[in-house]
Amino acid sequence: MLRQWGGIVDICPDASPIISKTHIKGLYFNCGWGTGGFKATPGSGDLFAHTIANDEPHKLNADFNINRFVSGDLVDEHGAAAVAH
Ligand SMILES: Cc1cc2nc3c(=O)[nH]c(=O)nc-3n(C[C@H](O)[C@H](O)[C@H](O)COP(=O)(O)OP(=O)(O)OC[C@H]3O[C@@H](n4cnc5c(N)ncnc54)[C@H](O)[C@@H]3O)c2cc1C
């Protein structure tokens, strides 16, 4: 069964997640975790809560903003990803 799984994986172009406020007031994203979302839950949840509570990112997730796909300041994790995407 493990060798037959098929489906989509919510991976970003730079293989890093999005933990970010958006230009829409009250809309925040925590997504794009690929195959790492379970183990990242404690850390990402803490940073996401901080981002929502303060309407500003924590310094640890500032680089994981959604605008990086416009600015080009990508966080390239393809080499470090545990699995090929
Ligand atoms: C094959 C595979 C293996 C993985 N292995 C690991 C692993 O070993 N370790 C690890 O840490 N992570 C792993 N992950 C990653 C982990 O599963 C995800 O990162 C995590 O589940 C993402 O959680 P989430 O709550 O952000 O999104 P999801 O769990 O995708 O939850 C999103 C929810 O929103 C619902 N939804 C979607 N659209 C709508 C809508 N319009 N209205 C209402 N509801 C909607 C969906 O039905 C779903 O319930 C794996 C993922 C895959 C696919």
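Refer to the structure above for everything that follows.
Parameters and conventions
Residues numbered from 1 in each chain as written. Predicted model: local features only at pLDDT ≥ 70, side-chain atom pairs only at ≥ 80, totals over all residues. Heavy atoms only, no water. Near = heavy atom within 4 Å. Polar contact = N/O pair within 3.5 Å; in protein donor to acceptor, adjacent residues only side chain to side chain. Areas by Shrake-Rupley, 256 points an atom, 1.4 Å probe, with all protein chains shown as cover. Nonpolar A, V, L, I, M, F, W, Y, C, P; charged D, E, K, R; others polar. Pairing = 2+ DSSP bridges. Helix = DSSP H or I, 4+ residues; strand = E, 2+ residues; numbered from the N terminus. Salt bridge = Lys/Arg side-chain N within 4 Å of Asp/Glu carboxyl O. Buried < 20%, exposed > 50% of the residue type's maximum accessible area, 1.4 Å probe, protein only.

Mind laying out the site of the ligand, listing which residues take part and the relevant values?
In the vicinity of the ligand, the contacting residues are Trp5, Val9, Trp33, Gly34, Thr35, Gly36, Gly37, Phe38 and Lys39. Between Gly36 and the ligand, the recorded distance is 3.5 Å, taken from a backbone N or O atom to an oxygen atom. Gly37 is positioned with one of its backbone polar atoms (N or O) 3.2 Å from an oxygen atom of the ligand. The fraction of the free accessible surface of the ligand (990 Å²) that becomes covered by protein chains is 34%. Looking at the shell around the ligand, its residues break down into four nonpolar, four polar and one charged.

Account for the pairing of strand E1 (residues 18-21), naming residues and giving values.
Here four bridges tie E1 to strand E2 (residues 28-31), and the two strands are oriented antiparallel to one another. Considered in E2, the bridge of Ser20 is made with Phe29.

Please set out the side chain of Arg68 residue by residue, giving values where relevant.
Of note, Arg68 is situated in helix H2 (residues 68-71). Within polar-contact distance, the side chain of Arg68 engages the backbone oxygen of Phe64 at 3.3 Å.

So what about the pattern of salt bridges? Which residues, and what values?
Pairs may arise between side chains of opposite charge once their charged atoms sit close together. What the rule picks out here adds up to three salt bridges. Among the salt bridges present, the one from Arg68 reaches Asp14, with a minimum N-O distance of 2.6 Å. Linking Arg68 in helix H2 with Asp14 in the segment before E1, this pair joins segments that are 54 residues apart in sequence. Note on accessibility: Arg68 and Asp14 belong to one class, buried. A salt bridge links Glu56 to Lys21; the nearest nitrogen and oxygen atoms lie 3.7 Å apart. Separated by 35 residues along the polypeptide, Glu56 in the loop between helix H1 (41-54) and H2 and Lys21 in strand E1 bring together distant segments of the chain. With relative accessibility at 44%, the residue Glu56 sits in the partly exposed group.

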